[in-house]
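Below, each chain spelled out in residue letters.
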Amino acid sequence: MAATALREQLNGLVNSMFAEGLLDQQFQQLQMLQDGSTPGFVAEVVTLFCEDSERILTELTKLMDQAVVDYSKVDAYVHQLKGSSSSVGAQNVKLACIQFRQFCEENNKEGCVRALNVVKHEYCHLRSKFETMLQLESRIQAYENKQQN
Amino acid sequence: MHILLHQPPVSFYIWSFFVLNSTIARICFSLHCDGGRASMGSTGRRVLLVEDIEINRMVMRRLLSDSNVGLEEAENGKIAVDFIKQGRTYDLIFMDRDMPVMNGHEATKQLRSLGVTTPIIALSSDCLPSDRDRFIHAGANAFQAKPLSKIELVRILTEYGLNITRA
């Protein structure tokens, strides 16, 4: 059945994300919180995480482009991103944020610029996988709805 | 009975709701649309979550949805303090550390100086001993690393007498 094949593809994708370190056990916690009463919970959290992350990364880019960097503002944004990535289980993004904060503490502009690039890279990699994951979930849902009708 | 209230983006009081019960103290709340959101569980027990990041609030909301307690949310420490000054009462408060306007340390201090004896559980993703000490010194009862798992949440609710799960 098409839905079964899609579900296997989805499980394979998510497992590979865990294996690569993109996701940690917090994502499993989110998956366990999704049930019949909240079928779109993971998608909702992931979507909000992506929206939030992009907003934060845009602000961080602006701040790092300034001649004089306000490290307290940079740190505040990185802290937010670290917090939300931690809640979603976005392990590599979280780890990149931890490194970024250390450079902020040192007021190390070069380090911060490098760290920001790492965070962006990790986020983009994760976002791409999340997009595929949500597309597969959406297709599975569509098949299951069709079958019920 | 479970009441879920959504708040529009303008500031006004929606309504007040009083229940008198011989074994449960009066339950009353009013809604202030300044970053507040409330749900009321059937036990009448209420938890206040003070957390600025929406994703974190979303996850906690879901974690608590099976726990039969009402949840109110404040986006920063000042809103939490204002809720208390408005006369709202809670059985447990989860307090994040880093928030705009007023952080968790300051909010905890102010709540204690207002005479609030509700247990306050400090939450932070940084778990340095100095962090923990500062929160306890401010008046928090306990310190918990974020993100909170379901098991940890159940343990905390049980410890403070709020663990009454739905059938």
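Residues numbered from 1 in each chain as written. Chains lettered and ligands numbered in written order. Predicted model: local features only at pLDDT ≥ 70, side-chain atom pairs only at ≥ 80, totals over all residues. Heavy atoms only, no water.

- As annotated in an unreviewed UniProt entry, chain B carries the name Two-component response regulator ORR41-like and is attributed to Phoenix dactylifera.

- Looking at an unreviewed UniProt entry, one finds chain A named Histidine-containing phosphotransfer protein, with Phoenix dactylifera as its source organism.

## Here's the deal with the packing of helix 3 (residues 41-65) of chain A against helix 4 (residues 71-88) of chain A
All names here are of chain A.
Logical step 1: It is the contact of helix 3 with helix 4, at a shortest axis distance of 10 Å, that shows an interaxial angle of 160°. As judged from the angle between their axes, helix 3 and helix 4 are roughly antiparallel. Along this stretch, helix 3 crosses helix 4, giving a crossing that reads as left-handed. Across from Val45, Phe49, Ser53, Arg55, Ile56, Leu57, Glu59, Leu60, Leu63 and Met64 in helix 3, the residues of helix 4 making contact are Lys73, Val74, Tyr77, Val78, Gln80, Leu81, Ser84, Ser85 and Val88.
Logical step 2: A class-by-class count of the residues in the contact of helix 3 with helix 4 yields 12 nonpolar, four polar and three charged. (Axes fitted to C-alpha atoms, helices over the stretch in contact; angles between N-to-C directions. Helix = DSSP H or I, 4+ residues; strand = E, 2+ residues; numbered from the N terminus. Parallel < 35°, antiparallel > 145°, perpendicular 65-115°, else oblique. Left-handed = near helix turned anticlockwise from the far one by under 90°. Contact = heavy atoms within 4.5 Å. Nonpolar A, V, L, I, M, F, W, Y, C, P; charged D, E, K, R; others polar.)

## As for the nonpolar core
Logical step 1: Counting residues in each nonpolar core, the largest one holds 66 residues, and the members touching the most others are A:Phe49, A:Phe100, A:Phe130 and B:Phe94.
Logical step 2: With 12 residues, the top contributor of residues to this core is helix 3 of chain A.
Logical step 3: The contacts of A:Phe49, once residues within four sequence positions are left out, are A:Leu81, A:Ser84, A:Ser85, A:Val88, A:Ala90, A:Tyr123, A:Leu126, A:Phe130 and B:Ile55.
Logical step 4: Counting residues in hydrophobic clusters, the runner-up holds 21 residues, among them B:Leu48, B:Ile79, B:Tyr90 and B:Ile93. (Core = buried A, V, L, I, M, F, W, Y, C linked by side-chain atoms within 4.5 Å. Buried < 20%, exposed > 50% of the residue type's maximum accessible area, 1.4 Å probe, protein only.)

## Section: the interface of chain B and chain A
Logical step 1: Taken together, the 16 residues of chain B in the interface contact 21 residues of chain A.
Logical step 2: Summed over both sides, the interface between chain B and chain A buries roughly 1600 Å², with carbon and sulfur atoms accounting for 65% of that surface.
Logical step 3: Per-residue buried area on chain B facing chain A is highest for B:Ile55, B:Met58 and B:Arg62; these three make up 39% of the total on that side.
Logical step 4: Our count for the contact surface shared by chain B and chain A stands at one salt bridge.
Logical step 5: A salt bridge links A:Asp35 to B:Arg62; the nearest nitrogen and oxygen atoms lie 2.9 Å apart.
Logical step 6: Seen at the junction of chain B and chain A, the total is seven residue pairs in polar contact (both at pLDDT 80 or more).
Logical step 7: Top contributing element to the side of chain B that touches chain A by residue count: helix 1 (residues 54-64) of chain B, with seven residues.
Logical step 8: Residues that form the side of chain B that touches chain A fall into these classes: six nonpolar, three polar and seven charged. (Buried area = accessible area lost by both parts, 1.4 Å probe. Salt bridge = Lys/Arg side-chain N within 4 Å of Asp/Glu carboxyl O. Polar contact = N/O pair within 3.5 Å; in protein donor to acceptor, adjacent residues only side chain to side chain.)

## As for helix 4 of chain A
Residues spaced three or four apart along an α-helix face the same direction, because each turn holds 3.6 residues.
All names here are of chain A.
Logical step 1: Look at helix 4: 25 Å from first C-alpha to last across 18 residues, which is about the 26 Å you get at 1.5 Å a residue.
Logical step 2: Of all 18 residues that make up helix 4, 13 are buried, and the element is covered over most of its length.
Logical step 3: Gly89 occupies a position one or two residues after helix 4 and carries a positive phi of about 90°. (Expected span 1.5 Å × (residues − 1).)

## Here we look at the UniProt feature "modified residue: 4-aspartylphosphate" (unreviewed entry) in chain B
Residues and elements named next belong to chain B.
Logical step 1: The UniProt record marks Asp96 with the feature "modified residue: 4-aspartylphosphate" (unreviewed entry), using the residue numbering of this structure.
Logical step 2: Along the chain, Asp96 falls in strand 5 (residues 92-96).
Logical step 3: Beyond its immediate chain neighbours, meaning those up to four positions away, Asp96 contacts Val50, Glu51, Asp52, Gly104, Leu123, Phe135 and Lys146. (UniProt positions renumbered as here; feature names shortened; annotations may be inferred.)

## A look at the environment of A:Val88
Logical step 1: Residue position: A:Val88 is located in helix 4.
Logical step 2: Placed 34 residues apart in sequence, A:Val88 and A:Glu122 show a C-alpha to C-alpha distance of 14 Å.
Logical step 3: Residues in contact with A:Val88, not counting those within four places in the same chain, are A:Gln26, A:Phe27, A:Leu30, A:Val45, A:Phe49, A:Phe130 and B:Ile55.

## Some points on the UniProt feature "domain: Response regulatory" (unreviewed entry) in chain B
Logical step 1: Residues given the UniProt feature "domain: Response regulatory" (unreviewed entry) here are residues 46-161 of chain B.
Logical step 2: Helix makes up 43% of residues 46-161 of chain B and strand makes up 21%, while its end C-alpha atoms are separated by 11 Å.

## Quick look at the packing of aromatic side chains
Logical step 1: What the rule picks out here adds up to five aromatic pairs over all chains.
Logical step 2: On the basis of an interplanar angle of 85° and a centroid distance of 6.4 Å, the ring pair of A:Phe49 and A:Phe130 is categorised as edge-to-face. One end of the pair, A:Phe49, is in helix 3; the other, A:Phe130, is in helix 6 (residues 109-148), with 81 residues separating them in the sequence. Accessibility assignment for this pair places A:Phe49 and A:Phe130 in one class, buried.
Logical step 3: Members of the aromatic cluster, joined through ring pairs, are A:Phe18, A:Phe27, A:Phe49, A:Tyr123 and A:Phe130.
Logical step 4: In this structure, B:Arg88 is placed above the aromatic ring of B:Phe83, and the distance from its NZ or CZ to the ring centre is 3.7 Å. (Phe/Tyr/Trp six-rings, centres within 6.5 Å; stacked < 30°, edge-to-face > 60°. Lys NZ or Arg CZ within 6 Å of the ring centre and 35° of its normal.)

## Some thoughts on the pairing of strand 7 (residues 142-145) of chain B
For a regular strand, side-chain orientation follows a simple rule: the groups alternate between the two sheet faces.
Residues and elements named next belong to chain B.
Logical step 1: As paired elements, strand 6 (residues 120-124) and strand 7 share four bridges and run parallel to each other. Bridge pairing in strand 7 links Ala122 to Phe143.
Logical step 2: Handedness of the β-α-β unit built from strand 6, helix 4 (residues 129-138) and strand 7 comes out right-handed. (Pairing = 2+ DSSP bridges. Right-handed = clockwise from strand over helix to strand, strands pointing away.)

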